[in-house]
Amino acid sequence: MATQFEFRLIDGEAPEGELEADQLIAIVQSLKEVATKLGRAETDAEPVGRPSKRTQRVAKLSIGLAPGSTKLLVRRADDEDALAFDLDEEKSFDEKFQAIVESIAVDERPEWVTDTLAVAAGELRSALEKAAPTVEFKVGGQARRTFKTSETRRETWKAVDVEPEADSVTFVGRLRAVNLDTHRLQVTDDVGNRVALPNVANDVQVGHLIGGYVEVVGAPERDPKGKLAQIHEAVIQAAAPIPGAFGVREVVSLEDILASAPGPVLGGIPGLTDDEAESYVKAIGL
């Protein structure tokens, strides 16, 4: 049976038993990111791209709010085709999920946590900090940790396996909306490269930029081939026009294209009259 995890959010700004929509969405989205990263690792799946059915089965979560005090209940979702017992990868998922949350509580990153998983854990830490000053974490009904979110640090979960200059990246392209309910956006450049922008906190403020060119600055996440896949903690603003920038931003006439291209200039051969040029072309068989 799937393990029941419980987050009790203490002394938050919302009335007891309630949670602001933005805070709930941020927590749910970050929990999903942690689960997906863990699920990929436990099923040896590719770190990016659409998860396999096996990965989705392991990482699919069921999340709800319990009555009374503000409690968020999390467990692996039931599958109608699931066996009556947990597989090893499912048990390992539950154990590592518990370990990550407890690591957030004590502000220590385990050695086995990869950079991509650390970024997801950092987003969960930030979401919990915004929701409540104190969090009690239970596993299977047993209290495991009670911690003050202000005493945890985002730096603990920063990527470490990158060069210092790669801590941030700037990407220019058209802004697309993927799912505003989960604060997910996407930016696509002029050659079709798509970069996900998970959990954009100020997506409402940048909504008027959707469909236009924007400049995105944030923490990069790359796939195994080194290609930019996601930008975390994204800061988005309208892109300033860049002279000579790659990508067609407006209609360009054929004459302008040909005039700027290397090779013979349209309109004749320099130094020859039209009659001389025509005689020359005939002489060489053109």
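These numbers come from a predicted model, not from an experiment.

### Some words on the nonpolar core
Item 1. With 33 residues, the main nonpolar core has F7, L9, I27, L31, V34, F97 and L128 as its most contacted residues.
Item 2. Of all the secondary-structure elements, those providing two or more residues to this core are β1 (5–10), α1 (21–42), β3 (71–76), α3 (88–106), α4 (115–131) and β4 (134–139).
Item 3. In terms of residue count, α4 provides more of this core than any other element does, eight residues in total.
Item 4. In this structure L9 touches L19, I27, T70, L128, A131, A132, T134 and V135, once residues within four positions along its chain are discounted.
Item 5. Judged by nonpolar contacts, the second largest core, of 16 residues, contains V169, V195, V200 and V214.

### Points about the sheet that holds β1
Item 1. Read across the sheet, five strands follow the order β2-β3-β1-β4-β5 without closing on themselves; strand pairing throughout is antiparallel. Either end of the sheet is taken by a strand with one partner, and the two such strands are β2 (61–66) and β5 (142–148). The mean angle between the axes of side-by-side strands here comes to 20 degrees, regardless of whether they run parallel or antiparallel.
Item 2. With six bridges joining them, β1 and β4 adopt antiparallel strand pairing. Looking at β4, one finds that L9 is bridged to V135.

### A word on the packing of aromatic side chains
Item 1. Applying the stated criterion across every chain yields a total of four aromatic pairs.
Item 2. Measuring from ring centre to ring centre gives 6.1 Å for F5 and F137, while their planes differ by 5 degrees; the resulting arrangement is stacked. Of this pair, F5 sits in strand β1 while F137 is found in strand β4, placing the two residues 132 residues apart along the sequence.
Item 3. What makes F137 buried here is its relative accessible area of 0%.

Conventions we followed
- Residues numbered from 1 in each chain as written.
- Predicted model: local features only at pLDDT ≥ 70, side-chain atom pairs only at ≥ 80, totals over all residues.
- Heavy atoms only, no water.
- Core = buried A, V, L, I, M, F, W, Y, C linked by side-chain atoms within 4.5 Å.
- Buried < 20%, exposed > 50% of the residue type's maximum accessible area, 1.4 Å probe, protein only.
- Helix = DSSP H or I, 4+ residues; strand = E, 2+ residues; numbered from the N terminus.
- Contact = heavy atoms within 4.5 Å.
- Pairing = 2+ DSSP bridges.
- Axes fitted to C-alpha atoms, helices over the stretch in contact; angles between N-to-C directions.
- Phe/Tyr/Trp six-rings, centres within 6.5 Å; stacked < 30°, edge-to-face > 60°.

Take it as geometry only, folks, not as evidence of what the structure does.
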